Amino acid sequence: MSSTAGQPAAGTGTQGEDGGPGAAPTADRVWSVPEHLDDVLRNLKPLEPIELPLLEARGCVLVEDVTAPVALPPFDNSSMDGYAVRTADVAGATEEFPAALTVVGDIAAGARDLPTVGPGEAARIMTGAPLPPGAEAVVPVEWTDGGTGTGPVTSMAAHGTAPGGGSGEVLVHRPVGEHGHVRARGSDIGAGALALRAGTVLGPPQIGLLAAIGRAVVRVRPRPRVVVLSTGSELVPPGETLGPGRIHDSNSYALTAAAREAGAIAFRVASVSDDAATLRATVDDQLARADVLVTSGGVSVGAYDVVKEALSRPDEEGGRVEFRRLAMQPGKPQGFGRIGPDRTPLLALPGNPVSSYVSFELFVRPVIRTLMGLPPDDRGTLRAVCPEGVASSPRGKRQFLRGRYHGGTVTPVGGSGSHLVKALSDANALIVVPEETTSVAPGAEVDVVLLG
């Protein structure tokens, strides 16, 4: 799945199929998967950093090291509901011979005025409340009588119904060690320590940490805005009745979902009919909200392949899409270019559902990650035993078969047909058969790319 450095790229004066060194690529050239991916990625750079409020930064990549301006926790505090005590006062406490302590106050979370705990004294304390002066540990309420004068209790009486709980006497039935049930100041992170490194993807735990150290905004690379549209007069939105010769548009939904799963902010556009002028106008309208455009369908050699018809001609700014044949199955026809005033990248994928999804994994996902400032390949490849083998694979093409991976083995799912949506939904991996391999013996190892 990863790109291969040093491969020839489009328009760089490399050798074409019909020319010697320095000859320009021709329409007959067949591109390898790494060549096409490298050519796409070398035309991209990460999006410029911006500052965002924390919740808007979820899923974005941090572009700066963040240090903690304060310690976490910022003060010693209780990890239990119970009583703040001096350890010497409860050292010999048992249920038979409990330690009797005078309760000198109530300490709730957020309390500022703290009572001092002297010898023979205790303060009722809640989880998260600061440890008062003089106290060395916290005895959980379950180790006490809760001030009731009876045996051990399971909880405290609510302050609203028993406001006198912060006074009187409490019986402690068990000893506690120094700093027992106390969260020490800085035990999570010290003031001035590195909290998050640049390059971190901000998920919920990281957002929580930033909030905990007081950061309201953070500098990140924004999530790319990906606009997805399908082409084809035969397409009908899900939920509508199919007429003769019509099918439901599944590609735009699958690709939009895949873009969001990859980290992008993705927008789905209603399918466009097989009319070049309509397609061109739709694409132009979407440029204002797109960092990347992704189309599916209309890239092959048919008379109604409107994506090629509409986008292969240069626009007013000189941008255009180049359409190519790749040595892969599925997904042979591909298109890539930069269009519009901002030279927005556009990837034109084939229309068969499996072809478009495999093409997304190979090419669009790395584009999204590159724009985010992440390494393009996050899937990785592993080796797995294929008990059934692969009966045949076309010579000269890198084949990507749907497979079900489990416990070091992988089984092909649904055959090689590029229309098999059900088989794709059953797969959790792609089996990669190299260009020079025409079959895989049962029980042999294969390369596998996990999809989740």
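What you see is a predicted model, and the numbers here were worked out from it, not measured in a lab.

What counts as what
Residues numbered from 1 in each chain as written. Predicted model: local features only at pLDDT ≥ 70, side-chain atom pairs only at ≥ 80, totals over all residues. Heavy atoms only, no water. Helix = DSSP H or I, 4+ residues; strand = E, 2+ residues; numbered from the N terminus. Rg over C-alpha atoms; globule rule 2.2 N^0.38 Å. Buried < 20%, exposed > 50% of the residue type's maximum accessible area, 1.4 Å probe, protein only. Contact = heavy atoms within 4.5 Å. Areas by Shrake-Rupley, 256 points an atom, 1.4 Å probe, with all protein chains shown as cover. Lys, Arg positive; Asp, Glu negative; His and termini not counted. Charge placed at Lys NZ, Arg CZ, Asp CG, Glu CD. Salt bridge = Lys/Arg side-chain N within 4 Å of Asp/Glu carboxyl O. Pairing = 2+ DSSP bridges. Axes fitted to C-alpha atoms, helices over the stretch in contact; angles between N-to-C directions. Parallel < 35°, antiparallel > 145°, perpendicular 65-115°, else oblique. Left-handed = near helix turned anticlockwise from the far one by under 90°. Nonpolar A, V, L, I, M, F, W, Y, C, P; charged D, E, K, R; others polar. Expected span 1.5 Å × (residues − 1). Bend = angle between axes of the 7 residues up to and from the residue.

A. View of the overall build of the chain. Assigned secondary structure in the chain consists of 7 helices and 27 strands. Its C-alpha atoms give the chain a radius of gyration of 32 Å, more than 25% over the compact-globule value 22 Å for 452 residues. In terms of overall dimensions, the chain has C-alpha extents of about 95 × 55 × 55 Å along its principal axes. Here the chain holds 452 residues, and 46% of them are scored as buried. Looking at the chain alone, contacts between residues at least 24 apart form 69% of all its contacts between residues at least 6 apart. Only carbon and sulfur atoms are counted for the fraction: they give 52% of the accessible area of the chain, which is about 20500 Å². Between the averaged position of the 39 positive side-chain charges in the chain and that of its 50 negative side-chain charges there is a distance of 7 Å.

B. Representation of the side chain of arginine 223 within the structure. Tracing the backbone through its elements, the reader meets arginine 223 in the loop between β13 (217-221) and β14 (225-231). It turns out arginine 223 is buried and unbridged, and the closest side chain with the opposite charge, glutamate 56, is 9.7 Å from it. Setting aside anything within four residues of it in sequence, one finds arginine 223 in contact with Leu47, Arg58, Gly59, Cys60, Gly263, Ala264, Ile265 and Asp291.

C. Quick peek at the pairing of strand β27 (residues 444-450). Examined bridge by bridge, strand β23 (residues 382-386) and β27 share 5 bridges and lie antiparallel to one another. By the bridge assignment, leucine 382 is partnered in β27 with valine 448. As defined by bridge partners, strand β26 (residues 429-433) adjoins β27 across 4 bridges and the pair is classed as antiparallel. Residue alanine 429 lies in a different strand from β27, and its bridge partner there is leucine 450.

D. Fine view of the sheet that holds strand β9 (residues 137-140). A sheet is described by the order of its strands in space; here 5 strands give the open sequence β9-β6-β8-β7-β10, paired in mixed fashion. Of all strands in the sheet, those with a lone pairing partner are β9 and β10 (169-172), marking the two edges. When the angles between neighbouring strand axes are averaged without regard to direction, this sheet yields 40°. For strand β6 (residues 82-85) and β9, the ladder comprises 4 bridges, and the chain directions are antiparallel. Paired with glycine 82 across the two strands is proline 140, which belongs to β9.

E. Seen up close, the packing of helix α1 (residues 33-42) against helix α6 (residues 353-372). It is at 10 Å that the axes of α1 and α6 come closest, and there the two elements cross at 30°. Classified by the angle their axes make, α1 and α6 are roughly parallel. As α1 runs across α6, the sense of the crossing is right-handed. Contacts between α1 and α6 involve Val33, His36, Leu37, Val40 and Leu41 on the former and, on the latter, Leu362, Phe363, Pro366, Val367 and Thr370. Among the residues forming the contact of α1 with α6, the class breakdown is 8 nonpolar, 2 polar and no charged.

F. Molecular detail of the packing of helix α3 (residues 251-261) against α6. Put simply, α3 and α6 touch, their axes get as near as 10 Å, and they point 25° apart. As the angle between them shows, α3 and α6 are arranged roughly parallel. Crossing of α3 over α6 shows right-handed handedness. On α6, the residues that touch Asn251, Leu255, Ala258, Ala259 and Glu261 of α3 are Pro353, Ser356, Tyr357, Phe360, Arg365 and Ile368. Classifying every residue of the contact of α3 with α6 gives 7 nonpolar, 2 polar and 2 charged.

G. Spotlight on unusual backbone geometry. Here the amide bond leading from leucine 72 into proline 73 is cis, since omega sits at -15°, within 30 degrees of zero. Structurally, proline 73 is set in the loop between β4 (66-67) and β5 (77-78). Cis rather than trans, the peptide bond between glutamine 329 and proline 330 has omega equal to -5°. Of note, histidine 179 is a non-glycine position whose phi angle comes to about 65°, a positive value. Along the chain, histidine 179 falls in the loop between β10 and β11 (182-183). In this model, arginine 343 sits at a positive phi of 50°, which is unusual for a non-glycine residue. Look at arginine 343 and you get partly exposed, because its relative accessible area is 29%.

H. Molecular detail of the sheet that holds strand β17 (residues 265-272). Spatially, the 7 strands line up as an open sheet ordered β1-β19-β21-β22-β18-β14-β17, and their pairing is mixed. The open sheet terminates on both sides in strands that have one partner only, identified here as β1 (30-31) and β17. Judged from the 5 bridges that link them, β14 and strand β18 (residues 292-296) form a sheet pairing that is parallel. The residue of β18 that forms the bridge with leucine 229 is threonine 295.

I. Layout of the environment of histidine 406. Tracing the backbone shows histidine 406 in strand β24 (residues 398-406). Of the residues examined, histidine 406 reaches a relative accessible area of 66% and is grouped as exposed.

J. Region of the structure containing α6. Taking 1.5 Å of rise per residue, the 20 residues of α6 would be expected to cover 28 Å, and the 26 Å separating its terminal C-alpha atoms lies within 8% of that figure. Bending of α6 peaks at approximately 45° at the position of phenylalanine 360. With 20 of 20 residues buried, α6 lies mostly within the body of the structure. The positive-phi residue at the C-terminal boundary of α6 is glycine 373, with phi of around 85°.

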